[in-house]
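Residue-level structural notes
What follows is the residue order along each chain.
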Amino acid sequence: MRRYVIKRLAQALGVLWAAYTVSFLVLDFLPGDPVSAMAGAGADSGQVDPAQLARLRHEYGFDKPVLVQYADHLGDAVRGDFGDSVSTGRSVTTTLSDALPQTLTLTGTALLLAVVLGGSLAVLATYTSRRWLRQLLLSLPPLGVSVPTFWVGLLLVELFSFRLRWFPAFGNDGLPGLVLPSLTLALPTGALVAQVLAKSLLTALDQAYVETARAKGAGRLRIHLRHALRNASLPALTVVGLLAGQLIAGSVVVETVFSRDGLGRVTAAAVTAQDIPLVQGVVVFGALIFVLANLIVDLVYPLLDPRIVVASGRKGSLA
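Please read these numbers as outputs of a predicted model, since none were measured by experiment. (Residues numbered from 1 in each chain as written. Predicted model: local features only at pLDDT ≥ 70, side-chain atom pairs only at ≥ 80, totals over all residues. Heavy atoms only, no water.)

**Quick look at the overall build of the protein**
What the protein contains, in helices and strands, is 13 helices and 0 strands. Reading the protein from its N terminus to its C terminus gives the helix and strand order α-α-α-α-α-α-α-α-α-α-α-α-α. Taken across its 319 residues, the protein has 39% of its residues classed as buried. Pairs at least 24 apart in sequence give 73% of the contacts found in the protein among residues at least 6 apart. (Helix = DSSP H or I, 4+ residues; strand = E, 2+ residues; numbered from the N terminus. Buried < 20%, exposed > 50% of the residue type's maximum accessible area, 1.4 Å probe, protein only. Contact = heavy atoms within 4.5 Å.)

Next comes the structure, spelled out in structure tokens:
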């Protein structure tokens with residue numbers, strides 16, 4: 001088990017390093033001059049005093065060679081320092097720390113709703129003995145996956161805010177203001193969870209151990225929930241870990257549609273302003289959340305199937 005955990009931690013650190021390196025290289029090759037934009041000259045640095053531009057480039061380290069910038073910034077990032085925002089002058093870490101709680105609340109609620117709604121739909125669809133109902137329920141996840149997130153948000157706002165007036169359409173107004181944004185994120189995500197879990201459940205119900213459980217007198221509900229669901233949940237659990245990062249990305253659209261403060265709006269503003277330190281901080285923070293979610297999933301795996309640790313140990317000994 002210790003070797004399994006150490007291996008997963010090493011992989012997590014590798015993903016974070018790769019996310020930082022790729023984002024640094026991509027942002028370095030982007031056209032435009034963030035220092036000129038900060039000085040109010042757009043892309044034309046000739047409208048601003050060259051001495052002022054040179055001072056700003058030196059202050060933010062943009063006058064150094066790329067490899068030196070990378071080494072300096074990587075060392076600072078390891079200590080949790082991503083520099084200062086080019087557009088606001090505030091610390092990137094402080095800016096993200098202020099915005100992160102709202103986004104985590106939104107994405108955490110959306111992920112919980114997605115698991116509950118998607119899991120319930122998959123269990124009900126595979127448990128019912130009525131063929132027409134099963135086909136109807138199994139047709140819902142592909143439809144939910146194909147619907148754009150922004151369209152879902154606009155539809156929910158039109159129905160529940162403007163017509164029924166049940167929930168506010170915009171802002172961070174406590175729990176009522178969280179309902180529609182979290183549902184907007186949860187519905188497509190839950191559809192994907194339901195699609196994967198339903199397929200795994202149908203496969204699990206055809207396995208030999210299910211027939212053995214029936215032969216021993218186990219009831220249909222017990223077989224479905226205790227035997228089949230436990231084995232079928234591994235692929236769905238993998239999807240949930242991957243969706244954690246996707247929800248962070250989806251929050252950019254949702255927070256814009258619902259005018260919510262959070263990491264999504266910070267990202268949109270940073271990209272518009274060509275704020276390289278802030279954009280890179282957002283990328284690394286997003287990768288950190290993705291890594292933590294998948295690390296938790298990897299550590300839950302052995303609880304559902306202890307054979308995973310055994311297989312990992314055998315591979316390590318062979319290597």
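**Comments concerning helix α4 (residues 66-78)**
Compared with the 18 Å implied by 1.5 Å per residue over 13 residues, the 18 Å span of α4 between its first and last C-alpha is a close match. Regarding α4, the residues found buried are Q69, Y70 and A77. The buried residues of α4 all sit within an arc of 100° when viewed along its axis, so they share a single face. With respect to the buried face of α4, the exposed residues turned more than 90 degrees away are L67 and V78. In the stretch just after α4, G80 is the one whose phi turns positive, near 85°. (Expected span 1.5 Å × (residues − 1). Arc of directions from axis to C-beta.)

**Some remarks on the nonpolar core**
Generally speaking, a soluble globular protein has its nonpolar side chains buried in company with each other. Within the largest apolar cluster, 19 residues are counted, with the highest numbers of intra-cluster contacts made by Y20, F82, L96, L263 and L278. Sorting the residues of this core by element identifies α1 (2-29), α4, α5 (92-127), α11 (263-272) and α12 (276-304) as the ones contributing at least two each. With 6 residues, α12 is the largest single contributor of residues to this core. Each residue touching Y20, except ones within four places of it in the same chain, is listed here: Y70, H73, L74, A77, F82, Q280 and V284. With 16 residues, the next largest nonpolar core counts V157, A169, L180 and A186 among its residues. (Core = buried A, V, L, I, M, F, W, Y, C linked by side-chain atoms within 4.5 Å.)

**Regarding empty space enclosed by the protein**
Picture a little ball the size of a water molecule; that probe, rolled over the atoms, points out where space is still empty. Tallied over the full model, the rule gives 1 cavity of 30 Å³ or more. There is about 30 Å³ of room inside the largest cavity. If you trace the largest cavity, you find 10 residues lining it, with P168, A169, G177, P181 and F258 closest to the centre. Taken together, the residues of the lining of the largest cavity break down into 7 nonpolar, 2 polar and 1 charged. (1 Å grid on protein atoms, 1.4 Å probe; cavity = no way out; pocket = protein on both sides within 12 Å on 5 of 7 lines; lining within 4 Å. Points joined across faces, edges and corners; volume = space filled by probe spheres on them. Nonpolar A, V, L, I, M, F, W, Y, C, P; charged D, E, K, R; others polar.)

**Thoughts on the layout of surface pockets**
Taken as a whole, the second largest pocket encloses approximately 320 Å³ of empty space. Contributing to the lining of the second largest pocket are 16 residues, with L140, G144, L187, P188 and A191 lying nearest its centre. Among the secondary structure elements, those contributing two or more residues to the lining of the second largest pocket are α5, α6 (131-146), α7 (149-163) and α8 (174-204). The element that contributes the greatest number of residues to the lining of the second largest pocket is α8, accounting for 5 residues. Residues belonging to the lining of the second largest pocket are distributed by class as follows: 13 nonpolar, 3 polar and no charged.

**With respect to the confidence of the model for the protein**
Averaged over all residues, the pLDDT of the protein is 75; the fraction at 70 or higher stands at 83%. Summarising per-element confidence for the protein, the mean pLDDT is lowest in helix α13 (residues 307-318) (47) and highest in α5 (85). Taken together, the stretch residues 41-45 has pLDDT below 50 and engages in 9 contacts with residues farther than four places along the chain or on a different chain. Low pLDDT, under 50, characterises residues 310-319; the stretch is placed with 5 contacts to residues that sit more than four places away or in other chains. (pLDDT = per-residue confidence, 0-100.)

**As for the environment of A213**
Examined against the element boundaries, A213 turns out to sit in helix α9 (residues 208-215). Spatially, the C-alpha atom of A213 lies 6.9 Å from that of I223, the residues being 10 residues apart in sequence.

**A word on α8**
Between the first and last C-alpha of α8 there are 41 Å, a value that for 31 residues agrees with the 45 Å anticipated at 1.5 Å per step. The largest bend along α8 reaches roughly 30° and is located at A186, with the proline P188 sitting one to four residues downstream. (Bend = angle between axes of the 7 residues up to and from the residue.)

**Details of the pattern of salt bridges**
Following the criterion strictly, the structure yields 1 salt bridge and no others. We note a salt bridge from D98 to R90, for which the minimum N-O separation is 2.6 Å. On the basis of relative accessible area, R90 is assigned to the partly exposed category, the value being 37%. (Salt bridge = Lys/Arg side-chain N within 4 Å of Asp/Glu carboxyl O.)

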